[in-house]
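Chain and residue survey
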Amino acid sequence: MKTTLTRFATAAAVTAVIGMTTVGSAQAEDSGDPIIIPIHNWSSQIVMSNAVGQIFESLGRNVEYVTTDSQAVYESVRLGDVHLELEVWEGAFGKSFREALEKGGLHDAGDHDAVTREDWWYPMWTKESCPGLPSWEALNDCAELFATPETGDKGRYLDGPVDWLKHGKERAEALGLNFTVINAGSAAALWAEIGAAEKDKKPVLVFNWTPNFAEAVWPGEFVEFPEWEDGCDKDPAKGPNKDALYDCGNPAKGYLKKAAWDGMEDKWPQAYCVLTKISFTNPQIAEMAKLVDVDEQEPDEAAENWLADNEAVWKPWVEACAS
Ligand code: TMO
């Protein structure tokens, strides 16, 4: 029932917007070819991509979604195989994004309002048995608390899926951490790990990020590693270990950008204009993730519900590009 009602609400909003945009529009028309939007493997990105796709559809655009690797996507945008990326997280993707920018073919289409962080993280109960946290220097003394049969006497750190390329193994090595880094197969495996530890308040260390639904479910903290310095992934002189890369934490106040294929503006000027106006906040992005990861909605349905409940957020972006 909720879905039916919100479908009507969205349709009404869409009609209103189309009515406005078709009057006196003198600029070149957007192409009828589909705008191809890449989808990755974490919920806010999937919901946001569907929400923006539905906004484009409300303007009469055709949209296709393709599931792509979250690092390789920057090469795909650059080549115009997909046309934009809605969540460029500095910690995970800054390097791939910068490399693609240098090669040319894609550009920075502006920042979201959101401030992001992605790093080693623990639910707050972990600190009771390892009170030196959040400093990374407390980790080795506590390593055995995190040991499992799989890791022997080393601690276990459950990193994100490999395509998020967190360089966890290199970080552990560069900082001499007595931890085995294991890549989760999916975001869901991270939530399962925290959920399984919750009942007995077992210490766990997993990859996590903000904005995300998790912060409202499990209070917790990021481990404070040596502060990120530009070049820490390229220049061994950066960070405390002068012989190693990746001996810094990820940026603690990272950006969240949008990226666009250079040809997008000419081909779909109105949709491109809307893309440049889009700016989601931390709570909005956390809510998008929650609709899927907690409320168990399908991503397209979550996007539809989010748009119906937040017209005051997104309609001004469309209106700003109406002529
Ligand atoms: C790429 N991610 C936002 C899940 O860290």
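Here we summarise the structure given alongside this text. Please read all numbers here as calculations on a predicted model, not as lab measurements.

Between side chains of opposite charge, a pair can form when the charged atoms approach closely. For the structure on display, the rule yields 16 salt bridges. A salt bridge links Lys95 to Glu99, with the shortest nitrogen-to-oxygen separation between them at 3.8 Å. Of this pair, Lys95 and Glu99 both sit in helix α4 (residues 90–103), 4 residues apart, roughly one helical turn. Lys290 is the salt-bridge partner of Asp295, the closest N and O atoms lying 3.0 Å from each other.

Here the distance between the centres and the angle between the planes together describe a pair of aromatic rings. Scanning the entire structure with this criterion turns up 17 aromatic pairs. Taking 5.8 Å as the distance between ring centres and 90 degrees as the angle between the ring planes, the aromatic pair formed by Trp42 and Trp164 counts as edge-to-face. Pair noted here: Trp42 is in the loop between β1 (35–39) and α2 (43–58) and Trp164 is in the loop between β6 (155–159) and α7 (168–174), with a separation of 122 residues, a long-range link. The two residues Trp42 and Trp164 agree in class, both being buried. Aromatic ring contacts, followed pair by pair, group Trp42, Tyr74, Phe93, Phe97, Trp164, Trp191, Phe207, Trp209, Phe213 and Trp218 into a single cluster.

Take the pairing of β6 next. In terms of burial, β6 is a largely internal element, 5 of the 5 residues being buried. Burial along β6 is two-sided: Gly155, Tyr157 and Asp159 and Arg156 and Leu158, pointing in opposite directions, are all buried. Note: β6 against strand β7 (residues 179–183), 5 bridges, orientation parallel. Within β7, the residue paired with Tyr157 across the bridge is Val181. A crossover connection joins β6 to the parallel β7 through α7; in handedness this β-α-β unit is right-handed.

Right, let's get into the environment of Asp293. Note that Asp293 resides in helix α12 (residues 282–293). Classification of Asp293 by relative accessible area gives partly exposed; the value is 29%. In this structure, the C-alpha to C-alpha distance between Asp293 and Leu165, residues 128 residues apart in sequence, is 22 Å.

Now for α2. Helix length check: α2, at 16 residues, gives a terminal C-alpha distance of 22 Å against a target of 22 Å (1.5 Å per residue), a fit within 8%. Most of α2 sits inside the fold, with 15 of its 16 residues counted as buried. One or two residues past the end of α2 sits Gly60, with phi positive at roughly 95 degrees.

Rules and cut-offs
- Residues numbered from 1 in each chain as written.
- Predicted model: local features only at pLDDT ≥ 70, side-chain atom pairs only at ≥ 80, totals over all residues.
- Heavy atoms only, no water.
- Salt bridge = Lys/Arg side-chain N within 4 Å of Asp/Glu carboxyl O.
- Helix = DSSP H or I, 4+ residues; strand = E, 2+ residues; numbered from the N terminus.
- Phe/Tyr/Trp six-rings, centres within 6.5 Å; stacked < 30°, edge-to-face > 60°.
- Buried < 20%, exposed > 50% of the residue type's maximum accessible area, 1.4 Å probe, protein only.
- Pairing = 2+ DSSP bridges.
- Right-handed = clockwise from strand over helix to strand, strands pointing away.
- Expected span 1.5 Å × (residues − 1).

Coordinates in, geometry out; function isn't part of it.
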